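# Summary of the model geometry
Okay, here's what each chain looks like letter by letter:
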Number of protein chains: 2
Amino acid sequence: MMGKNNIKVMCEGVRAASRKLALVGKNKRDKAIIAMANALVKNASYIIKENEKDLKVAREKKLSAAMIDRLMLNDARIRSMAGSLVKIAKLKDPVGDIMEKVKRPNGLLIKKVRVPIGVILVIYESRPNVTSDCIGLCLKSSNAVILRGGSEAINSNIAIFDILNREALRSDLPRGVISMIMDTDRRIVDHLLAQEGLIDLVMPRGGESLIKEVTRKSRIPVIKHYKGVCHTYVDAGANLKMAEDICFNAKVQRPGVCNAMETMLVSHKVAKAFLPSMIRRFNKAGVQIRGTSQVRRIAPGIKLAREEDWYTEYLGLILSVRIVKDVDEAIEHIMKYGSYHSDAIVTENKRNAMKFLNEVDSACVYVNASTRFTDGGEFGKGAEIGVSTDKIHARGPMGLEELTSYKYIILGNGQVRE
Amino acid sequence: MMGKNNIKVMCEGVRAASRKLALVGKNKRDKAIIAMANALVKNASYIIKENEKDLKVAREKKLSAAMIDRLMLNDARIRSMAGSLVKIAKLKDPVGDIMEKVKRPNGLLIKKVRVPIGVILVIYESRPNVTSDCIGLCLKSSNAVILRGGSEAINSNIAIFDILNREALRSDLPRGVISMIMDTDRRIVDHLLAQEGLIDLVMPRGGESLIKEVTRKSRIPVIKHYKGVCHTYVDAGANLKMAEDICFNAKVQRPGVCNAMETMLVSHKVAKAFLPSMIRRFNKAGVQIRGTSQVRRIAPGIKLAREEDWYTEYLGLILSVRIVKDVDEAIEHIMKYGSYHSDAIVTENKRNAMKFLNEVDSACVYVNASTRFTDGGEFGKGAEIGVSTDKIHARGPMGLEELTSYKYIILGNGQVRE
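Residues numbered from 1 in each chain as written. Chains lettered and ligands numbered in written order. Predicted model: local features only at pLDDT ≥ 70, side-chain atom pairs only at ≥ 80, totals over all residues.

## Let's talk about the overall build of chain A
The secondary structure content of chain A amounts to 14 helices and 16 strands. A globule of 418 residues ought to have a C-alpha radius of gyration of about 22 Å, and chain A, at 24 Å, matches this closely. Viewed in the frame of its principal axes, chain A has a C-alpha envelope of about 70 × 70 × 35 Å. In chain A, which comprises 418 residues, the share counted as buried stands at 51%. (Helix = DSSP H or I, 4+ residues; strand = E, 2+ residues; numbered from the N terminus. Rg over C-alpha atoms; globule rule 2.2 N^0.38 Å. Buried ≥ 20, exposed ≤ 12 C-beta atoms within 10 Å, placed from the backbone.)

See the structure below:
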C-alpha cells in the first residue's frame, strides 16, 4: 500500500505542478483537452477491454443491474465522453476574469480576479466517465486534480487515466497536474484527507456513506454532492394538466438521478381531481406509489408509506405521495424531510409561488417546471462537475466558475495606512 | 456541563429561529442593531464592571500585557463597539440581490439570488468586541449566530451578549437568532462541531492551535482566519524612499495584527543603498531585526535569523530580513514560508510587478502599497468579520456579501425535460 509519506510526497508534487499549471496559457490547455478527446476515441477498444475486467468482477460479485449499467462502457459511451471533453475545451475560460474593480479614495486600485482553486481531490464511485469529465473540467479551470475512483471501476479508470495522462504529457502540461490513486486500499483516503496544506478542496461524489465518511475525516474543505430527495407540490387551483406533465417528467424521465422527484405533495383541494388519473399514468409507466391513508382512500390498492419513505431517495420507479392542507404544510414537509436539492411548486397563485420560493431553503426552487432541470448544461453553464448540496462556496449545479477562487490585486503608488 | 443532547436541542432551536429570521424585513433588523448600539453605550458601566472581573483573573494568571490590553474595555472602546454597530446597520443589505439572471431557450427564467447562509458558529479568543461585531454582521446579513468566546473574556462576553440579546427580543427578532455558549468547558466545542445538519459554517478566530483543532474536528464547513506571515519585497530599481515608507508602515503602524509585515525581502542590487537607513529607522521605532549573514554584513550588530523565523508571525516589533537575487527568489521564498495572506512588491518594473501578481498565490497581492490595507473597511466593504486565508467560499477580507450564500429560483410555465 502507498503509505502516509508516499501520499504526502505525491501531493507535494501535485501542488508544485498546480503552480506551474496556473501559468500555462488557455490555448495549450484547450489543445491538450482536444487531444485527450481524440485519444479516447482512438483507444476505445482498449478501454472496452479493460472495462470488461471490471464488468466480470461486478457480475461475479452479483452487483445490481443498475450498478453494472453505470459501470459499462461501449463505443457510444466513449464517444460521448470524448464529446464532453470537446465541449469543455470550447467553453469560456473563467480564470483571469475581473470580478470586481474599485478605485479607493486614497488612489488604491483593487481588483478581484478569478484564479484557480489549486489542487482538487475528487473521490467517486462506479461511473468511469467521471474520470474524463473531472480531468477536462479541472484542466479547463487550471486546477490540478487527484482522482480516487471506486475499486469496482479500477481497470476502466486506470485505462482512461493512462490515455489522458499520456496526452497531457505530450501536450507539455506539467507532470502531475492530473493524478490518479491506483491503489484501492481504503486507508489511502484517510491519508489524502489529512493533506490540508497541499489539497485545497475535496469533492466526494457517491453514496451517503462515502460522503459522511469524507465529511467526518477531512481536514480539507469539502463540497458535498449529497442525495436529492426532491419534491413537487401541486397547489390548490394549479393547472392540473400542467401539474401531471411536470410530475410525470420529474419522476419518470430519468429516475436514477439526483434531480428526479421522490415525493409528490398534493393540496387536499385538488387531490380528488388530480390523483386518480395521475396515479394511473404513473402505474402504466411502472411507478410504484406509496401513499398516506388519505391518498389510499382516493387510490385504493397502493402501498402505505412509512415514515422512512419520506426521507428516501429511491433513485428508481417508486414515489411517495402525501395530501397536504396548503402551501405551508407542503413547505413544512419539504424542510423536515427533504435534502434541500431541488423542489417545485405547480401553482397559478402568485402569493403561494412567492411564499414557496422564499421559504423553501433548497439549492434550486421551481415554479411550474420539472425538477429535472437542475443541471449545469440546462442552467447554461456548459458542463457540470456535480450538484452541490452545500451552502458554502457553491450551491446547486457546479460549472467551471464554481471551480475557481479569487485573489485581490492591489495597485498603488506608495500608499501607506494612516 | 451542557451535554451533547443539550447542544443538539439548542442548535435545533437556532436553526428554527434562522428560518424565521430569513423572513424578517431589513428595517426591523436595522432598527434592532441600532437599539443594540444604544444599549451598549447606556450600559457601559455595567460592561466595564463585568470586564473588571475578567481583567482581575487575567492579572492573577499573569497573562501578557498585550493580551490584557486586548481584553480591556473602557468607555472609548465601548463607544467604538457601538459605533461599529451603527455603521453595520447603515450598510446595504446584500440578501435578495439578483446575482445573475438568464432566460433559457426553453423559456425558463433562472435567477441566482443571494440568501443568508443560515446558522454561523463563531469560535473566538479574548477580544470582547468580536461579540458585538459578529452579532451585528450576522443579523445584518440575516444569519443566526452562535457565539463561543474564550474563557478569559467570559464575563465581558456574557454582559455584552445579555444587553444585545435583550434588545433583539425587544425588537421582536426570533428568540435564538443570537445565541451564546456560556459554559466554558472545552468539550462543548466538540459537540458543536458535530452538528453538521444544524450549523452551516464555522469561523474560528484566534491562535494557530485553536484553528488547527477546529479544522481537525469539524464536520461543518470551516472558513479559517489563519496567521498572516506577510512579506514586502523591495525590487531592484525600486523607488527607495517609497519602499522605506511602505515597509515602515507595514511593520510599525500596528504590529499586532495579521496584515502587518513579518519579513522584508530585498534585491541584492539595492540592499546596500536601502538597508542601512531603513534599519536605522526601524531601530529608532524599537523594531528588532533578524537577518541573514548577508544582511549582517551590511548592518552589523543585528541578530541572525534562524530557519523558524521565516515561518513566524511575530505580531510585535520584530522583523526578519533577507537579501534575494531577484523577483523569482522572492516569490519562491514567499510561497515556501508565507501564509498566503498579504504580500507586496515595491518596484518600478512592470514585468516584475506582473510576475509577482501572477505567481504569488496569496489572498491579497500588492504593488507599491502597504500590506496593512488588507481590511474590509479599506477595501470598501464597510465592515469585516475577518480575513479568510482559505480559498473556498471567501478569500481575504470578509464583509457582508461573504456571509451570504445563494439559491437558484427557476420560473417556468410547464417546462419538462426532453
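## A look at the interface of chain B and chain A
In this complex, chain B contributes 55 residues to the contact, which on the side of chain A involves 55 residues. Of all the secondary structure elements, the ones that give two or more residues to the side of chain B that touches chain A are helix 9 (208-217), helix 10 (240-252), helix 14 (350-359), strand 13 (364-369) and strand 16 (404-415) of chain B. The leading source of residues in the side of chain B that touches chain A is strand 16 of chain B, at 11 residues. Here five bridges tie strand 16 (residues 404-415) of chain A to strand 13 of chain B, and the two strands are oriented parallel to one another. (Contact = placed C-beta atoms within 7 Å. Pairing = 2+ DSSP bridges.)

## Some points on the sheet that holds strand 2 (residues 109-116) of chain B
The 10 strands lie next to each other as 10(A)-9(A)-11(A)-8(A)-7(A)-12(A)-13(A)-16(B)-2(B)-1(B), forming an open sheet whose pairing is mixed. Unpaired on one side and paired on the other, strand 10 (303-304) of chain A together with strand 1 (98-103) of chain B mark the two borders of the sheet. Two strands pair when backbone bridges link them, and strand 12 (residues 342-346) of chain A and strand 13 (residues 364-369) of chain A are joined in this way by four bridges, in the parallel orientation. Looking at the pairing, Asp343(A) lines up with Val365(A) of strand 13 of chain A. Against the sheet, helix 11 (residues 271-284) of chain A engages strand 7 (230-234), strand 8 (261-267), strand 9 (288-291) and strand 11 (318-324) of chain A, with an angle of about 155° to strand 8 of chain A. Packed on one face of the sheet, helix 13 (residues 327-337) of chain A meets strand 7, strand 8, strand 11 and strand 12 of chain A and runs near 140° to strand 11 of chain A. (Axes fitted to C-alpha atoms, helices over the stretch in contact; angles between N-to-C directions.)

## Some thoughts on the nonpolar core
The biggest cluster of nonpolar side chains holds 136 residues, and the ones touching the most others in it are Val145(A), Val202(A), Val145(B) and Val202(B). In this structure, Val202(A) is in contact with Leu121(A), Ile123(A), Leu193(A), Val214(A), Ser218(A), Ile220(A) and Val222(A), ignoring residues within four places of it in sequence. Counting residues in each nonpolar core, the second largest holds 56 residues, with Val95(B), Leu108(B), Ile409(B) and Ile410(B) among its members. (Core = buried A, V, L, I, M, F, W, Y, C linked by C-beta atoms within 7 Å.)

## Overview of the pairing of strand 8 (residues 261-267) of chain B
Residue and element names in this part refer to chain B. Taken across its seven residues, strand 8 has seven buried, putting it largely inside the fold. On the question of chirality, the crossover connecting strand 7 (residues 230-234) to the parallel strand 8 by way of helix 10 is right-handed. Inspection of the sheet shows strand 8 paired to strand 11 (residues 318-324) by five bridges, in the parallel sense. Note on strand 11: the bridge partner recorded for Leu-265 is Arg-322. (Right-handed = clockwise from strand over helix to strand, strands pointing away.)

## Describing helix 9 (residues 208-217) of chain A
Residue and element names in this part refer to chain A. Among the residues of helix 9, Ile-211, Val-214 and Thr-215 are the ones counted as buried. Looking straight down helix 9, one finds that the buried residues subtend no more than 100° of arc, so they occupy a single side. Looking at the buried side of helix 9, the elements it contacts are strand 3 (119-124) and strand 6 (201-205). (Arc of directions from axis to C-beta.)

## Considering helix 2 (residues 26-42) of chain A
All names here are of chain A. For helix 2, with 17 residues, the first-to-last C-alpha span of 24 Å sits near the 24 Å given by 1.5 Å per residue. Taken residue by residue, helix 2 has Arg-29, Ala-32, Ile-33, Met-36, Ala-37 and Leu-40 as its buried positions. Along the long axis of helix 2, the arc covered by the buried residues comes to 145°, so they all point the same way. Of the residues in helix 2, the exposed ones pointing more than 90 degrees away from the buried face are Asn-27 and Lys-42. Where the residues of helix 2 are buried, they touch helix 3 (44-60), helix 5 (75-90), helix 6 (129-140) and helix 7 (154-170). (Expected span 1.5 Å × (residues − 1).)

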